[in-house]
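Summary of the model geometry
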Amino acid sequence: MVSIRGRLAPSPTGVLHLGNARSFLLAWLDVRARGGQLLLRIEDLDGPRIQTGAADAAMADLSWLGLDYDDGPFFQRSRLSVYRDALTTLADAGLVYPCVCTRKDVESAASAPHAGDEGLVYPGTCRGRWATATEALQQTGREACWRFDTQAAQHAEITIHDRFLADRVWRVRQELGDFVVWKKDDEPAYQLAVVVDDAEQQVTDVMRADDLFSSAARQELLYLALGKPSPKWAHIPLVVGADGRRLAKRHGDTTIRSFREAGRSADEVVGLLAFWSGLRSQPLPCRATDLLPDWALEKVPSEPVVWSGAWPDLSS
Ligand code: GLU
């Protein structure tokens, strides 16, 4: 019986860059080195940000890098009814409420919301005002999203145990706030979709970049609310540009596709990612499978990886 099950979950909002590729390589190694299974999930719910062809491109890049999977691809867009059922479960338990606030409303709310990791901590303006989104629409003329009600939830604090980062206690109401689980455009928000999927797809181990660390706390609340076991978390550092900010267009073209088109081999890319991850002392070409005997999460440096803008020069 396979007891470890991980996932690769690209969002087709763009093509894979060195940062995503590094997270996927480590997630793949962590599961494969322990004899586990992996699934591929395409997180294609991000409405207008989804790019045509990006899902196929992500699959092609993963395959080029030698990162295989046993199950999937699962497409979130084809599972809307499953997420809707979860929203109904939360609504029946009184754990979500409709909210018509705009971002501007939240920013200017009298109670001076403070910023959490996911942006502003919502001050709860719409809590308890309407039972349904239809009622909210009728009374305000505005479409409603649904927010998780951290006042109704049992937990004032939640502790995230992480295999890589130190344990962290979150003050649920102050630091996380009532986060969105269903969007105004009538689609599930990332937080709900990912929990429903990871639970149903029996994911036991989640490894991803640490910009999603606070999301683990929100997701843990949803697991508790839905009565499902949460996975083991491991959040690894991001790849950043020389300015310390997460990789983006301003750092030049860091897509896997661009390196491939410039003549880099998959082994060269994997070798660089392995070097960045403490698995090799030099950025020399290697295959993902070559790294399996060397894998240990403890080897991964705790500082962000810095992409200087140029491939390391091995001649000096
Ligand atoms: N689809 C998300 C991303 O590409 C990852 C979500 C997750 O790992 O929970 O950033």
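Please refer to the structure higher up on the page.
Below you will find a few notes about this structure. The shown structure was predicted, so the numbers you read here are calculated from the model rather than taken from an experiment. (Residues numbered from 1 in each chain as written. Predicted model: local features only at pLDDT ≥ 70, side-chain atom pairs only at ≥ 80, totals over all residues. Heavy atoms only, no water.)

The interhelical angle for the contact between helix 7 (residues 190-200) and helix 8 (residues 213-226), taken along N-to-C directions, is 60°, at an axis separation of 9 Å. Between helix 7 and helix 8, the angle falls in the class oblique. Seen from above, helix 7 lies across helix 8 with right-handed handedness. On helix 8, the residues that touch Tyr-190, Gln-191, Leu-192, Val-194, Val-195, Val-196, Asp-198 and Ala-199 of helix 7 are Ser-215, Arg-218, Gln-219, Leu-222, Tyr-223 and Leu-226. Its residues placed into classes, the contact of helix 7 with helix 8 shows nine nonpolar, three polar and two charged. (Axes fitted to C-alpha atoms, helices over the stretch in contact; angles between N-to-C directions. Helix = DSSP H or I, 4+ residues; strand = E, 2+ residues; numbered from the N terminus. Parallel < 35°, antiparallel > 145°, perpendicular 65-115°, else oblique. Left-handed = near helix turned anticlockwise from the far one by under 90°. Contact = heavy atoms within 4.5 Å. Nonpolar A, V, L, I, M, F, W, Y, C, P; charged D, E, K, R; others polar.)

Along the polypeptide, Gln-201 turns up in the loop between helix 7 and strand 11 (205-209). Taking the relative accessible area as the measure of exposure, Gln-201 reaches 6% and is therefore buried. Among the polar contacts listed, one links the side chain of Gln-201 to the side chain of Arg-41, at a separation of 3.0 Å. Among residues more than four places away in sequence, those in contact with Gln-201 are Arg-5, Leu-39, Arg-41, Phe-74 and Arg-79. (Buried < 20%, exposed > 50% of the residue type's maximum accessible area, 1.4 Å probe, protein only. Polar contact = N/O pair within 3.5 Å; in protein donor to acceptor, adjacent residues only side chain to side chain.)

Before going further, it helps to examine the pairing of strand 3 (residues 71-75). A regular strand places its side chains on the two faces of the sheet in alternate fashion. Here strand 2 (residues 37-42) pairs with strand 3 via three bridges, running parallel. Within the sheet, the bridge partner assigned to Ile-42 lies in strand 3 and is Phe-75. For the segment spanning strand 2, helix 2 (residues 54-65) and strand 3, crossover handedness is right-handed. (Pairing = 2+ DSSP bridges. Right-handed = clockwise from strand over helix to strand, strands pointing away.)

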